[in-house]
Amino acid sequence: MFSAQPATWGIRELARELDMNPATVSRMVHTLKSAGYLTQDPETQRYALGPVVMKLASLYMHQNPLPEVARRIFESYAERFEYNFYLGTLSHYQVIYLAVLDGRGRIKVMVETGGSTGLHTTALGKVLLAFQSDEFIDTFIRHSGLHPFSKNSITNADVLWQQIREIRRTRIAINKGEHFEDIAAIAAPVFGRNGQIIAGVSMAYPRYLYPDLDAYEAQLAPLLREIAGEINAYTATHA
């Protein structure tokens, strides 16, 4: 619950959001506070993430060098694509960004490492979703209700399934302004040594600069596959 927005919570509002008993939430929060995972503002009495979280993040990065590997690969392609690169993985029903490289272009989407986004409205989310089991996808659709984030968002399960079948065939996912109306993206999967998807890589760009999006996506697809291929070469021996 402690993300960029909102970054702080009071006990009762946190209990309402989680649909839990306030006394139970209070006990859990105080336990996390005593361990350093949460801190409390003495004036507002609201809770925020504590410094021990940094230790967890550092430990994760030590155990999983993939984000740093991906970022170095992104940097090597920065002269060939002037907008944003992302590496993300699936956590429950969200995409968690593992690596972000902002491009040199005029338009930037403010996304931070560790941030999250939706599955059915982003190219990165759709490519991660497509390579899950059919049962997982059905459960996600029921759970999410395919909530729209823009007027272009997919809200029909049949349309989403049609795209999933195409993503499985081509190993390319497309977002045409479905999360942020002015931003489009293209994504590809990253697999581990066991052949299971472990992450996705995407490239995002401003829609309005490319009137013929289909042609621009076709132009980007080989470059994306090249980038994903380099990351997959690493995961084939390390992940």
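Residues numbered from 1 in each chain as written. Predicted model: local features only at pLDDT ≥ 70, side-chain atom pairs only at ≥ 80, totals over all residues. Heavy atoms only, no water.

**Let's talk about helix 6 (residues 134-144)**
Next, step 1: Within the sequence span of helix 6, burial applies to Ile137, Phe140 and Ile141. In a view along the axis of helix 6, the buried residues occupy a sector of 100°, so they form one face of it. In helix 6, the exposed residues that point more than 90 degrees away from the buried face are Glu135, Arg142 and His143.
Next, step 2: Buried residues belonging to helix 6 abut helix 5 (123-130) and helix 7 (157-170).
Next, step 3: Among the residues trailing helix 6, Gly145 stands out with phi positive, at a value near 70°. (Buried < 20%, exposed > 50% of the residue type's maximum accessible area, 1.4 Å probe, protein only. Helix = DSSP H or I, 4+ residues; strand = E, 2+ residues; numbered from the N terminus. Arc of directions from axis to C-beta. Contact = heavy atoms within 4.5 Å.)

**Re the pairing of strand 3 (residues 84-91)**
Next, step 1: Burial analysis of strand 3 places 6 of its 8 residues in the buried class, the great majority of the element.
Next, step 2: Where strand 3 lies against strand 8 (residues 197-206), 5 bridges are found, and the strand directions are antiparallel. Looking at strand 8, one finds that Leu87 is bridged to Val201.
Next, step 3: One ladder, built from 7 bridges, connects strand 3 with strand 4 (residues 94-101); its direction is antiparallel. Residue pairing across strands places Tyr86 opposite Val100, the latter belonging to strand 4. (Pairing = 2+ DSSP bridges.)

**Some points on the pattern of salt bridges**
Next, step 1: For the structure on display, the rule yields 10 salt bridges.
Next, step 2: Between Arg72 and Glu68 there is a salt bridge, with its nearest N and O atoms 4.0 Å apart. Of this pair, Arg72 and Glu68 both sit in helix 4 (residues 66-76), 4 residues apart, roughly one helical turn.
Next, step 3: Assessed through its relative accessible area of 38%, Glu68 is described here as partly exposed.
Next, step 4: In this structure, the salt-bridge partner of Glu217 is Lys176, at a minimum N-O distance of 2.9 Å. With Glu217 in helix 8 (residues 213-238) and Lys176 in strand 6 (residues 173-176), this pair connects stretches of sequence that are 41 residues apart. (Salt bridge = Lys/Arg side-chain N within 4 Å of Asp/Glu carboxyl O.)

**A short note on the pairing of strand 6**
Next, step 1: What you see with strand 6 is a clean split: Ala173 and Asn175 sit on the buried side and Ile174 and Lys176 on the side with no burial.
Next, step 2: Hairpin connection between strand 6 and strand 7 (residues 183-191): a loop of 6 residues separates the two successive antiparallel strands, and Gly177 in this loop has a positive phi of roughly 70°.

**Focus: helix 5**
Next, step 1: Of all the 8 residues making up helix 5, 8 are buried; the element is thus mostly covered by neighbouring parts of the structure.
Next, step 2: Those residues of helix 5 that sit buried are Ala123, Leu124, Gly125, Lys126, Val127, Leu128, Leu129 and Ala130.

**Some details on the environment of Lys176**
Next, step 1: Taking the relative accessible area as the measure of exposure, Lys176 reaches 30% and is therefore partly exposed.
Next, step 2: Spatially, the C-alpha atom of Lys176 lies 9.9 Å from that of Pro206, the residues being 30 residues apart in sequence.
Next, step 3: With sequence-adjacent residues up to four places away left out, Lys176 is seen in contact with Asn152, Ile183, Ala184, Arg207, Leu213, Asp214 and Glu217.
Next, step 4: Of the polar contacts made by the side chain of Lys176, one reaches the side chain of Asp214; its length is 2.9 Å.
Next, step 5: Engagement of the side chain of Lys176 in a polar contact is seen with the side chain of Glu217, the distance being 2.9 Å. (Polar contact = N/O pair within 3.5 Å; in protein donor to acceptor, adjacent residues only side chain to side chain.)

**Structural notes on the packing of aromatic side chains**
Next, step 1: Applying the stated rule across the entire model yields 11 aromatic pairs.
Next, step 2: Ring plane angle 90° and centroid distance 6.4 Å describe the contact between Phe81 and Tyr205, whose orientation is recorded as edge-to-face. With Phe81 in the loop between helix 4 and strand 3 and Tyr205 in strand 8, this residue pair connects regions lying 124 residues apart in the sequence.
Next, step 3: Judged by its relative accessible area of 2%, Phe81 falls in the buried class. (Phe/Tyr/Trp six-rings, centres within 6.5 Å; stacked < 30°, edge-to-face > 60°.)

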